[in-house]
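Below, each chain spelled out in residue letters.
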Amino acid sequence: MSSFAKDISISSRPSVSTSPVLTFVSQGSFSGYSGPRSYSSLPPKPLKPFDHSDVKILLLENVNQSGKDILTAQGYQVECLKTSLPEDQLVEKIRQVCPNEDVHVIGIRSKTKLTAKVLREAKNLLVVGCFCIGTNQVDLDYAAHHGIAVFNSPFANSRSVAELVVGEIISLARQLGDRSNELHAGTWNKVSSKCWEIRGKTLGIIGYGHIGSQLSVLAEAMGMNVIYYDVVNLMALGTANQVPTLNDLLNQADFITLHVPGGDDTANMISTAQFEQMKTGSYLINASRGTVVDIPALIKAMRTGKIAGAAIDVYPNEPVANGPYFNSELNTWAEDLRTLSNIILTPHIGGSTEEAQRAIGVEVGDALVRYINQGITLGSVNLPEVSLRALTLEEPNYARVIYIHHNVPGVLRKVNEILGDHNVEKQLSDSRGDVAYLMADINDVKASEIKDITDSLNSLSSRIMTRVLF
Ligand SMILES: NC(=O)C1=CN([C@@H]2O[C@H](COP(=O)(O)OP(=O)(O)OC[C@H]3O[C@@H](n4cnc5c(N)ncnc54)[C@H](O)[C@@H]3O)[C@@H](O)[C@H]2O)C=CC1
Ligand SMILES: O=C(O)C(=O)COP(=O)(O)O
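The name an unreviewed UniProt entry assigns to the protein is 2-oxoglutarate reductase, from the organism Zalerion maritima. The record held by UniProt for the protein lists under Sequence similarities (unreviewed entry) the comment "Belongs to the D-isomer specific 2-hydroxyacid dehydrogenase family."

Here is the structure:
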């Protein structure tokens, strides 16, 4: 090893093993990361901060080439699957990737469910990259309590979703899907009855976050009035108005569109009682999560004419791969849904544009590299966000200690007793709920002392995971 070579040792979680499971030997400098969330902030050439065969990454769901390139450029081993995998197959796959050590990084999109069972199997998993916005498919709490950081891309596909919804509002108002299907089948059916302009109509946005607020601006530009409902009090863009209750929105809107996260709080948020509150002849759009709308209730509301049209992009059970799967084996109501008029059914394509996927690949790829190489958690959705400057290799006798621990009294005193013989140049610590993340840069430390530091930290009862980068 040359004089500037660096090691990284990562100790696995205590429930799994108390001995270090990885030792990475670097051959070059660290990543040169220069700031959070900057587009392509990482150098284009491979820097090989560790022995490249050591970091094992499994990417599912056809993650964009931009993300793969960033990870392979670092010299990591990257295996890519085009599809998602159901739980049992995913567990098997994780075991195969590296029989003795498992996988260190998993990259997914919205479909792959990283349940506690899967995460438990991935014994040496350091980090999960969700190459999408939603993170409801990951057991974030389990991950945090086992020292697994989770990153996503919070807004890189927001515009794509907002534009899709704009297209759907006009398509539903003009029954475009039906007219197109009829003509494809050879039938000329020129009608104006129940076809409308959208100018002057009211759009009700449920969830006024990144997507909802972007849509608000686009809708107003097309002459719509915008109202929105959100659990948080949010600044209205343009001349939009926040309404105090969901029912207020349902009573007033001609078009209703959902942009809330998935999860228990929003499950069946639109069901029979909510359809009853909606105006007769109104339209519903769901490009959020499949659990948010009660689909049998929607089918009923459309059959009675209460709802004049709907656009559905997301479903409670989505197939893991492309193919002829939209049938009642997956979702019992699928055949009924397919027979309705003026309903646009799309296969979860809200964020599926070249622009969005490329940007997401870069953003999440960068975040993963920063975390693996530097331990920086900026942008993590389940661990506290902690950042210290980028390490460089021109700093001999220097180490970065990362200690993920239970947020209990007395930890800092004990950690500093262990680090006390060295010069602690900078230390940051933050907590999120009952999990805390400590980063300390120490100098005056010899490579031979790293094992003692790691072992001492591992022996503390508060420990979830220790990593020492040096
Ligand atoms: N169809 C697709 O391809 C895509 C779907 N999505 C989905 O869209 C969702 C929203 O995305 P963003 O706008 O980026 O999220 P965001 O986090 O920026 O905004 C969500 C908003 O919903 C609000 N909210 C949460 N619970 C609520 C409730 N019970 N009632 C009313 N408001 C509530 C929040 O306060 C927040 O303002 C994502 O969580 C994801 O599930 C996102 C991207 C692509
Ligand atoms: O970004 C999200 O949350 C989405 O729903 C898009 O998911 P996808 O990347 O298309 O699987």
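Let's pick the thread back up.
(A) Here's a closer look at the site of ligand 1. In the vicinity of ligand 1 there are 31 residues, among which Gly134, Gly207, Gly209, Ile211 and Gly350 approach most closely. For the shell around ligand 1, the elements supplying multiple residues, two or more each, are helix H5 (158–173) and helix H7 (210–221). For the shell around ligand 1, a count of residues per class yields 13 nonpolar, 14 polar and 4 charged. Two domains each donate at least three residues to the shell around ligand 1, and these are domain 1 (3–155 + 355–393) and domain 2 (158–345).

(B) Layout of the site of ligand 2. Contacts to ligand 2 come from Arg109, Ser110, Lys111, Cys132, Ile133, Gly134, Asn157, His348, Gly350, Gly351 and Ser352. Here the shell around ligand 2 is composed, by residue class, of 2 nonpolar, 7 polar and 2 charged.

(C) Representation of unusual backbone geometry. Positive phi, normally seen in glycine, also occurs at Gln175, with a value near 55°. Within the secondary structure layout, Gln175 lies in the loop between H5 and helix H6 (176–184). Located in the positive-phi region is Asn342, a residue other than glycine, with phi close to 50°. One can find Asn342 in the loop between helix H11 (334–339) and strand E14 (343–345).

(D) Up close: the sheet that holds strand E13 (residues 307–312). In spatial order, the strands read E10-E9-E8-E11-E12-E13-E14; together these 7 strands make up an open sheet with parallel pairing. Edge positions in the sheet fall to strand E10 (241–242) and E14, since each has one partner strand and no second. As paired strands, strand E11 (residues 255–258) and strand E12 (residues 282–286) are joined by 4 bridges and run parallel to one another. Residue pairing across strands places Leu258 opposite Asn286, the latter belonging to E12. Sitting on the sheet, H7 is in contact with strand E8 (202–206), strand E9 (225–229) and E11, with an inclination near 165° to E9. Of the strands in this sheet, E12, E13 and E14 are in contact with helix H10 (residues 295–303), which crosses E13 at around 145°.

Reading the values: the criteria
Residues numbered from 1 in each chain as written. Chains lettered and ligands numbered in written order. Predicted model: local features only at pLDDT ≥ 70, side-chain atom pairs only at ≥ 80, totals over all residues. UniProt positions renumbered as here; feature names shortened; annotations may be inferred. Near = placed C-beta within 6 Å. Helix = DSSP H or I, 4+ residues; strand = E, 2+ residues; numbered from the N terminus. Nonpolar A, V, L, I, M, F, W, Y, C, P; charged D, E, K, R; others polar. Domains from an automatic or database assignment. Pairing = 2+ DSSP bridges. Contact = placed C-beta atoms within 7 Å. Axes fitted to C-alpha atoms, helices over the stretch in contact; angles between N-to-C directions.

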